[in-house]
Amino acid sequence: MLRHVRNYEKGFAEYFRVERAFAFWKGRVALYAILKALGVGDGDEVILPGYTCVMDVNPVKYLGARPVFVDIEPNTYNMNVELLEEAITAQTRVIIAQHTYGYPAEMDAIMEIAQSHGIDVIEDCCLAPGSRYKGKLVGTMGIASYFSSQWNKTYTTGLGGMALCHNRELADKIQQFCNDELKDAAFSKAVLLSMQRMVYRAVIYPRTTMTARRLFRWLITKGIVIGSSSSQEKTTTAIPQGFFTAMSSGQAKAGLAQLRCIEENFAHRRKMAKLYDSLLREKKWPVTEVPDYTEPVLVRYPVRITEKWQAIKEAVSCGIELGTWFESPLHPKETKVDLYDYKWGSCPEAERAAGEVVNLPLHPRTSEKTIRRMVEFITRYQFA
Ligand SMILES: *Cc1c(COP(=O)(O)O)cnc(C)c1O
């Protein structure tokens, strides 16, 4: 059954026109494999944007390296490249360039700074498959990149991750590390996950999302469904048991099916994001203006409002699918940020964004009607 996994890797690599792709149980596992293959370890520093998911920071900590956070610029929520140079020290080994919400990071500037210091760049494409920077697909510019197909990303395999590698020597090291240490998913876990995908298909897309999500969370607490993160992953930096796990055959099959309709998925997202732009402009709301050399495919449509938590509460009771990413400089809210070397006040733009940004759906079943309804709902609040 390994056949599906190999085919999915091959299909993914072909889509990106990259030589090697490696599939994993989750996106964070892909990042871990890349960092490990790069030899990142004790005493090294890894630079990340101070507006990310703690699951990005965990692999850095698992390897004994120190995360260093750079504040974001407020328009695209990506790393502010003006602040990048001063974060670099003699210990810096890697810069993680995250393409937040799907907006491409300033890759030319990041690559130039990195190269002048002999540092490697890994692209975090978990929220950005399909986005382009100066004509190039994100994920094809750094030495390696990684993707997530967790259930609320651009496309889903329930849980899932992929690493792309553009450097033969590094790819061989990833391969070696996988041969030596990658474990197959326990049969029961893989079966549970395929049931989760069925539940997802049945209930997650229609308007019942909030109810479905609550049902999901409840099932997770009962141990009936596999959640994407355990509380341990937000409050300790010890590597969880069974972390380094391979992609299962069922995930790969779902991935292959998703690849077959990926262009429609991207086109739908672009079209619906334009509709949000124009409806919000009509209401005199500010929208993110991106440079004309980027073509984002957004995972969700971010907007800033002054009453984020109030809106989220009200959205739940109206059955409105309002997203909370990111709730903290190291999403989610429960993250004990000091444990991950984040100092409050060090990334003020990121902290402000965490308190203001909510996001609106763009997934394949979002219709024009949903979008009008979302805009109607959100513009009852005050933009920030
Ligand atoms: C979802 C996400 C991850 C982690 O992906 P998993 O597949 O859940 O491990 C990492 N970085 C960002 C920016 C993400 O959105």
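Use the structure listed above.
Since the model is a prediction, treat every value here as computed from it, not as a measurement. (Residues numbered from 1 in each chain as written. Predicted model: local features only at pLDDT ≥ 70, side-chain atom pairs only at ≥ 80, totals over all residues. Heavy atoms only, no water.)

Caption draft 1: Helix α2 (residues 27–37), seen in detail. Across the 11 residues of α2, 10 count as buried, placing the element largely inside the fold. Within the span of α2, buried status applies to Gly 27, Arg 28, Val 29, Ala 30, Leu 31, Tyr 32, Ala 33, Ile 34, Leu 35 and Ala 37. One or two steps after α2, the chain reaches Gly 39, where phi turns positive at roughly 80°. (Buried < 20%, exposed > 50% of the residue type's maximum accessible area, 1.4 Å probe, protein only. Helix = DSSP H or I, 4+ residues; strand = E, 2+ residues; numbered from the N terminus.)

Caption draft 2: Highlighting the pairing of strand β5 (residues 92–98). For β5, the buried fraction is high: six of the seven residues fall into the buried class. Relative to β5, strand β2 (residues 45–49) runs parallel, the two being bridged by three bridges. When the sheet's bridge partners are listed, Ile 47 is paired in β5 with Ile 95. As judged from the five bridges shared by β5 and strand β6 (residues 120–124), these two strands associate in the parallel manner. Across the sheet, Ala 97 pairs through a bridge with Glu 123, a residue of β6. Traced from β5 through helix α4 (residues 107–117) to β6, the parallel crossover comes out right-handed. (Pairing = 2+ DSSP bridges. Right-handed = clockwise from strand over helix to strand, strands pointing away.)

Caption draft 3: A look at the sheet that holds strand β8 (residues 136–137). Judged by pairing direction, the sheet is antiparallel, and its three strands sit side by side in the order β8-β7-β11 without closing on themselves. Looking along the sheet, the strands with just one partner apiece sit at the ends: β8 and β11 (294–295). Inspection of the sheet shows strand β7 (residues 132–133) paired to β11 by two bridges, in the antiparallel sense. From the neighbouring strand, Tyr 133 faces β11, where its bridge partner is Thr 294.

Caption draft 4: Spotlight on the packing of α2 against helix α3 (residues 54–62). The N-to-C vectors of α2 and α3 enclose an angle of 35°; their axes lie 9 Å apart at closest approach. Crossing geometry of α2 relative to α3 is assigned as right-handed. Contacts between α2 and α3 involve Arg 28, Leu 31, Tyr 32 and Leu 35 on the former and, on the latter, Met 55, Asp 56, Pro 59, Val 60 and Tyr 62. Taken together, the residues of the contact of α2 with α3 break down into seven nonpolar, no polar and two charged. (Axes fitted to C-alpha atoms, helices over the stretch in contact; angles between N-to-C directions. Left-handed = near helix turned anticlockwise from the far one by under 90°. Contact = heavy atoms within 4.5 Å. Nonpolar A, V, L, I, M, F, W, Y, C, P; charged D, E, K, R; others polar.)

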